[in-house]
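# Descriptive structure summary
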Amino acid sequence: MLDRRKSMKADRDLDRFKELLLSSCGMFFTNERELTLSSAVTQRMSQRGIDTAELYHSLLTTDQDEFRRFIELLTVNETYFSRENDHLKLLVDKIIPEILSQRETRPVRIVSAGCSTGEEPYSIAMMLAERFGEDSGRLFYIAGTDIDSSVIARAKQGIYGKGSFRSMDKAIQDRYFKMCGPGAYQLGDIRHQVHFEVVNLKDALYPAIMQQPDIILYRNVSIYFPPQVQREIFGRLALILNEGGYLFVGATETLQHNIGLLTLMNRDSVFFYRKIPGVIIEERRSAKRNLSPREQSKPGSSRQTNYGGVPAGAVQSGIRAIRAVAASDASSVTNSRDPKSLFDDALELAISRRMDDALALLDAIIEQDGSFIKAHSLKGSIFMSASRFQEAVAVCNAILSHDPLCLEAYLMLGVTARHSGDDDDAQRRFREAIYLKSSCWLAHFYLAEILFGQGDKNRARTGYEAALRVLENGSSLELSREYFPLSYNAEQYMAICRHKLSLLKNG
Ligand SMILES: C[S@@+](CC[C@H](N)C(=O)[O-])C[C@H]1O[C@@H](n2cnc3c(N)ncnc32)[C@H](O)[C@@H]1O
């Protein structure tokens, strides 16, 4: 009874704990995470024999040890070796050798911010040792930090169970780990190459081990922060990053950090941020200034283009969708002969299947305003619908020269590559599209189709499931905003996904 009263009281007072956690660690608690918070409060109150939430709240503000224990109950520490390995491979195979080639003596400094139990920094250490041998201890300084002191203690021990190895090459595991108990493996001497420390990323100052990094891995941490905290911490990390340095966030976290502080780049289909010297940043700013007024007024501007469409076949269905976009944008037309109004005319021409006229008008618009992305996109769409794939590729390249993050262009390039039989390139393009927008169901769908054709059942299943999940969550509604022709309607895409999944289940 007493416990129940305590917990009810804790529930009522949850807001004050939420405020404390948000201001001190950036964590926020909504929906099911509220339950985690209230049970942590109840658990600690009963362990400390404290009756009221007020008392426990005030203890938290004065007793650092209690605060540490409380935090341990609230963090999400999911991690494993070789997670998002394409990031690590790009670093070890390309970026780090480039940094080293311009470096005389100073070690390359790498920070894993929010490293949990250490799998991320240790993965890097092992990969570097594989590539640079014994020199790696001298060439690199690797640090792992986390707010949760219990995971930092475990990281220092370097003992791991089966789950941590789920994505790791078995040969590497055998080379670096020794069994130290039933189902437990300890990392050998290489673990001394990684330095760990408890650090709250919300703190105003970061300790010495985090200073002047050339590379920051800040992956799968910001998902637990609200947008204002994401910006605050990203800004602080950008500040400590060396000039020319690199910052990697998790694939699903990419776009929300594209806030103009660091330059978002794409290399080998991997997206990451780079601290580019000032002059180039200024060039980017002026490039943005040169966007058409219409593009500038679009929320997030063209750098966060948020199209989900793709040219893929039947002109008829695309034309229906074209109307929807034309209608949705019509209200913003102010000047009848500005590029926007000309674009509407081009849409009308495309709708009435006067494709050559539409193309001529689009060329005129692009001549007037080369950064008008929608004009390029419609042009690409018309080429795709007419199976003029080479011309469509040229259009995509033009789009990417203005907006390297245009999702639509990556989708178009994927479809053209598929048509020309280059499945490797197509996969690369669809992966890029997914990096840009993890909920891009068309990219998941096309990727799954390729993998299905290659007999890669597991990954095909994942792709169809991802596409279906997004479509079932209502993204089919987004179809009406797309103005590229699609082969099917949303229901049909869902039916195909379900059918393929049942084949994969039975096969
Ligand atoms: C899901 S793990 C990510 C581990 C690893 N980076 C990865 O991608 O596999 C997120 C980690 O962020 C840590 N974290 C959460 N808030 C933090 C903060 N304010 N400062 C430092 N670390 C924090 C958590 O303790 C947790 O261990």
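In this report, we go over the structure that sits alongside the text. (Residues numbered from 1 in each chain as written. Predicted model: local features only at pLDDT ≥ 70, side-chain atom pairs only at ≥ 80, totals over all residues. Heavy atoms only, no water.)

## Overview of the overall build of the chain
- Scanning the chain from N- to C-terminus turns up 23 helices and ten strands.
- A burial count over the chain gives 53% of its 507 residues as buried.
- In the chain, 71% of the contacts between residues at least 6 apart in sequence involve partners at least 24 apart.
- Element-wise, carbon and sulfur atoms account for 50% of the exposed surface of the chain, whose accessible area totals about 23,200 Å². (Helix = DSSP H or I, 4+ residues; strand = E, 2+ residues; numbered from the N terminus. Buried < 20%, exposed > 50% of the residue type's maximum accessible area, 1.4 Å probe, protein only. Contact = heavy atoms within 4.5 Å. Areas by Shrake-Rupley, 256 points an atom, 1.4 Å probe, with all protein chains shown as cover.)

## Observations concerning the nonpolar core
- Met 126, Phe 140, Met 210, Tyr 218, Leu 237 and Leu 247 are the most contacted members of the largest nonpolar core, which has 129 residues in total.
- Take this core: its biggest share by element is nine residues, from helix H21 (residues 441-453).
- Here this core spans two domains, since at least three of its residues come from each of domain 2 (85-275) and domain 3 (406-507).
- In contact with Leu 237, not counting residues within four places along its chain, are Leu 201, Tyr 206, Met 210, Ile 216, Tyr 218 and Leu 247.
- In terms of nonpolar packing, the next biggest core, distinct from the first, is built from 21 residues, Cys 25, Ala 40, Val 41 and Met 45 among them. (Core = buried A, V, L, I, M, F, W, Y, C linked by side-chain atoms within 4.5 Å. Domains from an automatic or database assignment.)

## Looking at the side chain of Asp 214
- In this fold, Asp 214 is placed in the loop between strand S6 (194-198) and strand S7 (215-218).
- In this structure the side chain of Asp 214 is engaged in a polar contact, spanning 2.8 Å, whose partner is the backbone nitrogen of Arg 109.
- Only 3.1 Å separates the side chain of Asp 214 from the side chain of Asn 242, close enough to count as a polar contact.
- What Asp 214 contacts, discounting residues up to four positions off in sequence, is Ile 99, Arg 103, Arg 106, Pro 107, Val 108, Arg 109, Leu 241, Asn 242, Gly 245 and Tyr 246. (Polar contact = N/O pair within 3.5 Å; in protein donor to acceptor, adjacent residues only side chain to side chain.)

## Description of the site of the ligand
- Neighbouring the ligand are 22 residues; Thr 79, Arg 83, Gly 114, Asp 146 and Asn 220 lie closest to it.
- At 2.6 Å from an oxygen atom of the ligand is found a side-chain nitrogen or oxygen belonging to Thr 79.
- Contact distances for the ligand include 3.3 Å between a nitrogen atom and a side-chain N or O atom of Glu 120.
- When isolated, the ligand has an accessible area of 610 Å², and the protein chains bury 99% of it. (Near = heavy atom within 4 Å.)

## So, the sheet that holds strand S3 (residues 159-160)
- Taking strand neighbours across the sheet as the criterion, the three strands line up as S3-S5-S4 in an open arrangement whose pairing is antiparallel. Each of the sheet's edge strands pairs with one partner strand only, and the pair in question is S3 and strand S4 (177-181).
- The pairing of S4 with strand S5 (residues 184-187) spans four bridges and is classified as antiparallel. Looking at S5, one finds that Phe 177 is bridged to Leu 187. (Pairing = 2+ DSSP bridges.)

## Some remarks on the packing of helix H2 (residues 14-25) against helix H3 (residues 32-48)
- Between H2 and H3, whose axes approach to 11 Å, the crossing angle comes to 100°. By the angle between their directions, the pair H2 and H3 is classed as roughly perpendicular. On the side of H2, the interface is formed by Leu 14, Phe 17, Lys 18 and Leu 21, while H3 contributes Glu 34, Leu 37, Ser 38 and Val 41.
- Counted by class, the contact of H2 with H3 contains five nonpolar, one polar and two charged residues. (Axes fitted to C-alpha atoms, helices over the stretch in contact; angles between N-to-C directions. Parallel < 35°, antiparallel > 145°, perpendicular 65-115°, else oblique. Nonpolar A, V, L, I, M, F, W, Y, C, P; charged D, E, K, R; others polar.)

## Things to note about unusual backbone geometry
- At Asn 31, a position not held by glycine, the phi torsion is positive, near 45°.
- A residue is classified by how much of its surface remains accessible, and Asn 31, at 60% relative accessible area, is exposed.
- Phi is positive for Ser 269, which is not a glycine, with a value near 70°.
- Along the chain, Ser 269 falls in the loop between strand S9 (263-267) and strand S10 (270-274).

## Details of the sheet that holds S6
- Strand order in the open sheet made by the seven strands is S6-S2-S1-S7-S8-S10-S9, with mixed pairing throughout. Each edge of the open sheet is held by one strand with a lone partner, namely S6 and S9. Taking the axes of each pair of neighbouring strands and ignoring which way they run, one obtains an average angle of 25° across the sheet.
- Note that strand S1 (residues 108-113) and strand S2 (residues 140-146) share six bridges and pair parallel. If you follow Ile 110 over to S2, its bridge partner there is Ile 142.
- Contacting S1, S2, S6 and S7, helix H7 (residues 119-132) crosses the sheet at an angle of about 165° to S2.
- Packed onto the sheet, helix H11 (residues 227-240) meets S7, strand S8 (246-249) and S10 and runs at close to 160° relative to S7.

## Quick word on the environment of Leu 468
- By secondary structure assignment, the location of Leu 468 is in helix H22 (residues 457-472).
- Remark: the alpha-carbon pair of Leu 468 and Met 494, spanning 26 residues in sequence, is separated by 5.9 Å.
- Those residues in contact with Leu 468 that lie beyond four places of it in its chain are Met 494, Cys 497, Arg 498 and Leu 501.

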